[in-house]
Amino acid sequence: MKFQTLKVLSIAAFASGLFLSCAQTKSAAASNTKTETSQSRKVVPTNLKWSERMLLSEMNRFPKAWMLDFNKEPRWAYPAAIVLEGAEQLYAKTGNKEYYEYISNFGDTMVKEDGSIVSYELDKHNIDYLNCGNVLLYLYGKEKKPKYLKALQTLRYQIETMPRTKEGGFWHKKIYPHQMWLDGLYMGEPFYANYTKEFSKGAEADKAYNDVVNQFDLIQKHLKDPKTGLLYHAWDESKEQAWANKETGLSPNFWGRAMGWYGMAMVDVLDFLPKDHPGRAKIIGYIKSYTDAIIKVQDQETGLWYQVLDKGGEKGNYTEASASSMFVYTMIKAVNKGYLPKSYKAVAQKGYDGILKNLISVDENGVVNLNRCCAVAGLGGKPYRSGTYEYYVNEEIRSNDPKGTGPFILASLEFEK
């Protein structure tokens with residue numbers, strides 16, 4: 001009798017356990033289904049890495065890549081190239097064809113069948129025009145369309161015809177005579193080196209690589225402040241500009257994004273400069289000096305960097321998203337490539353965490369925003385931009401400027417390696 005009772009109790013316990021197990025399995029399945037349903041309702045799923053979340057957000061905001069930088073019509077402009085570089089890397093990483101189509105559609109729209117480029121004007125000798133050439137180098141490598149080769153040859157011809165300083169430095173634009181800007185190193189040199197790697201050989205290639213390295217040498221010679229190690233936004237060889245110091249020709253302030261462009265230029269150009277070129281060691285040395293200088297002006301509380309780098313406590317200054325993203329990208333890529341010691345990763349991580357905490361917001365539909373981006377800043381022109389502290393801190397601030405979101409994607413990709 002006792003045995004029978006024990007048997008009945010055992011069966012009951014087993015059944016109870018089986019029921020509980022099934023209930024838990026159903027509950028877990030229901031929870032997973034609910035999570036999947038929740039994610040499927042979002043424009044940008046929140047379970048992806050930050051790099052992909054930001055690219056998808058940009059594609060949602062700007063369904064065509066030529067729209068990046070808030071363009072209303074197709075325009076050959078450098079900001080698109082930065083976001084598309086992230087798209088190239090994410091396509092290689094994920095195989096998502098939507099990313100490739102986003103890049104390919106840009107090329108098809110911007111380059112006509114005869115190889116001419118929409119809105120491009122050679123006689124302006126604008127170094128900004130060269131940066132988008134990197135997108136065409138990528139697409140030509142994939143698709144071999146003759147129109148891309150013709151467009152690339154046009155951009156390479158622009159390099160040959162660019163006006164220069166007495167020492168061979170590229171003017172920023174024809175309308176900015178005798179001037180080298182930090183921005184221009186990112187706009188011109190990675191494309192110049194990339195094109196050379198793909199199409200030039202022998203003496204022609206050596207001459208081009210030497211020319212590329214010379215641009216960095218001239219920047220270090222003329223724009224670096226010996227006291228802080230920071231670099232001024234621009235230098236006027238003629239010392240004629242109202243913003244230029246009459247003794248040095250330098251602009252008066254250290255603008256965050258200008259230095260951001262320069263850092264990106266250095267780490268990116270090394271992707272194409274030959275391993276045995278003597279200029280590599282010099283540029284890696286410049287990266288070390290540069291990084292040490294920007295670490296000194298990093299905001300200790302947030303890990304971010306200011307619009308005017310060395311005046312963090314002054315009225316009107318603010319922690320700015322594009323410069324912060326560029327500095328973080330430069331540092332983490334330099335660490336990953338072995339240009340900087342691994343100890344620098346902690347500084348880059350602090351900056352990246354600061355961006356996520358203070359500058360990123362996420363909409364209910366999952367779309368990611370990067371806030372507090374300086375829309376644009378420059379020197380000279382009409383109306384005249386003076387380069388004063390007041391000028392920089394009073395330029396327009398906006399969210400989701402591709403000059404910030406592009407570097408954020410690239411920095412995220414480096415952290416995700």
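Residues numbered from 1 in each chain as written. Predicted model: local features only at pLDDT ≥ 70, side-chain atom pairs only at ≥ 80, totals over all residues. Heavy atoms only, no water.

(A) Looking closely at the overall build of the protein chain. Helix and strand counts for the protein chain come out as 14 helices and six strands. Projected onto the principal axes, the alpha-carbon positions of the protein chain cover approximately 110 × 55 × 45 Å. Here the protein chain holds 417 residues, and 56% of them are scored as buried. Across the protein chain, every contact between residues at least 6 apart in sequence was considered, and the portion connecting residues at least 24 apart equals 71%. Of the roughly 18,800 Å² of accessible surface on the protein chain, a fraction of 53% belongs to carbon and sulfur atoms. (Helix = DSSP H or I, 4+ residues; strand = E, 2+ residues; numbered from the N terminus. Buried < 20%, exposed > 50% of the residue type's maximum accessible area, 1.4 Å probe, protein only. Contact = heavy atoms within 4.5 Å. Areas by Shrake-Rupley, 256 points an atom, 1.4 Å probe, with all protein chains shown as cover.)

(B) A look at helix 11 (residues 321-337). With 17 residues, helix 11 extends 24 Å between its outermost C-alpha atoms, agreeing within 8% with the 24 Å of an ideal straight helix rising 1.5 Å per residue. Most of helix 11 is tucked away: 15 of the 17 residues are buried. Note on helix 11: the residue one or two positions beyond its end, G338, has a positive phi of about 85°. (Expected span 1.5 Å × (residues − 1).)

(C) Highlighting the packing of helix 9 (residues 256-269) against helix 10 (residues 279-296). Orientation of helix 9 relative to helix 10, taken along the N-to-C sense of each, is 150°, at an axis distance of 10 Å. Crossing of helix 9 against helix 10: the hand is left-handed. Residues M259, G260, Y262, G263, M266, V267 and V269 of helix 9 touch helix 10, and the partners they reach there are I283, Y286, I287, Y290 and I294. Looking at the contact of helix 9 with helix 10 residue by residue, the classes come out as ten nonpolar, two polar and no charged. (Axes fitted to C-alpha atoms, helices over the stretch in contact; angles between N-to-C directions. Left-handed = near helix turned anticlockwise from the far one by under 90°. Nonpolar A, V, L, I, M, F, W, Y, C, P; charged D, E, K, R; others polar.)

(D) Molecular detail of the environment of G256. Residue placement: G256 occurs in helix 9. Spatially, the C-alpha atom of G256 lies 9.7 Å from that of Y392, the residues being 136 residues apart in sequence. Apart from the residues lying within four places of it in its own chain, the contact partners of G256 are Y306, Q307, L309, A323 and F327.

(E) Structural view of unusual backbone geometry. With an omega of -5°, the peptide bond running from K382 to P383 counts as cis. Mapped onto the elements, P383 comes out in the loop between strand 5 (373-374) and helix 13 (389-393). A positive phi angle, close to 75°, is found at D69, a residue other than glycine. Secondary-structure assignment places D69 in the loop between helix 2 (50-61) and helix 3 (79-94). Here R372, not a glycine, exhibits a phi torsion of approximately 65°, which is positive. Relative to the elements of secondary structure, R372 occurs in the loop between strand 4 (368-370) and strand 5. For R372, a relative accessible area of 33% corresponds to the partly exposed category.

(F) Structural context of the pattern of salt bridges. Here the structure, examined in full by the defined rule, presents 22 salt bridges. A salt bridge links K124 to E121, with the nearest nitrogen and oxygen atoms 3.2 Å apart. With a shortest N-O distance of 2.8 Å, D211 and R164 are connected by a salt bridge. Placement of D211 in helix 8 (residues 202-223) and of R164 in the loop between helix 6 (146-161) and strand 1 (179-181) is noted, with a sequence separation of 47 residues between them. Each of the salt bridges in this network shares a partner with another, and the network as a whole consists of D108, E113, E143, K145 and K147. (Salt bridge = Lys/Arg side-chain N within 4 Å of Asp/Glu carboxyl O.)

(G) View of the packing of aromatic side chains. Going through the model one piece at a time under the given rule, you end up with 21 aromatic pairs. On the numbers, 4.5 Å between centres and 25° between planes, the contact of Y352 with F415 is stacked. Placement of Y352 in helix 12 (residues 345-358) and of F415 in helix 14 (residues 402-415) is noted, with a sequence separation of 63 residues between them. Side by side, Y352 and F415 carry an identical accessibility label, which is buried. An aromatic cluster of at least three residues, connected via ring pairs, comprises F216, Y262, Y290, W305 and F327. Sitting over the ring of W50, R53 keeps its end group 4.0 Å from the ring centre. (Phe/Tyr/Trp six-rings, centres within 6.5 Å; stacked < 30°, edge-to-face > 60°. Lys NZ or Arg CZ within 6 Å of the ring centre and 35° of its normal.)

(H) Region of the structure containing the environment of W235. Turning to its location among the elements, W235 is positioned in strand 2 (residues 234-236). The spatial distance from the C-alpha of W235 to the C-alpha of E314 is 25 Å, given a sequence separation of 79 residues. The residues contacting W235, other than those within four sequence positions of it, are T165, E167, H178, Q179, M180, H222, L223, W243, T248, G249 and L250. Looking at W235, its side chain comes within polar contact range of the main-chain oxygen of T248, at 3.2 Å. (Polar contact = N/O pair within 3.5 Å; in protein donor to acceptor, adjacent residues only side chain to side chain.)

(I) Seen up close, the nonpolar core. Counting 135 residues, the largest nonpolar core has W76, F106, F216, Y262 and I283 as its most contacted members. Examining the composition of this core, we find that ten residues originate from one element, helix 11, more than from any other. Once you skip the residues sitting within four places of it in the chain, I283 turns out to touch V213, F216, M266, V269, L270 and L273. (Core = buried A, V, L, I, M, F, W, Y, C linked by side-chain atoms within 4.5 Å.)

(J) How the structure looks around helix 7 (residues 182-199). Here helix 7 contains 18 residues, and its C-alpha end-to-end distance of 26 Å stays within 8% of the 26 Å for a straight helix at 1.5 Å per residue. The largest bend along helix 7 measures about 25° and falls at G188, with the proline P190 one to four residues further on. With 15 of 18 residues buried, helix 7 is to be regarded as a mostly interior element. (Bend = angle between axes of the 7 residues up to and from the residue.)

(K) Local environment of the state of the cysteines. Within this structure, the stated rule accounts for zero disulfides. C373 supplies the cysteine sulfur nearest to C132, a cysteine that is in no disulfide, at a spacing of 18 Å. Owing to a relative accessible area of 0%, C132 belongs among the buried residues under this scheme. The thiol sulfur of C373 is not disulfide-bonded, and the nearest other cysteine sulfur, from C374, lies at 8.8 Å. What makes C373 buried here is its relative accessible area of 0%. (Disulfide = S-S within 2.5 Å.)

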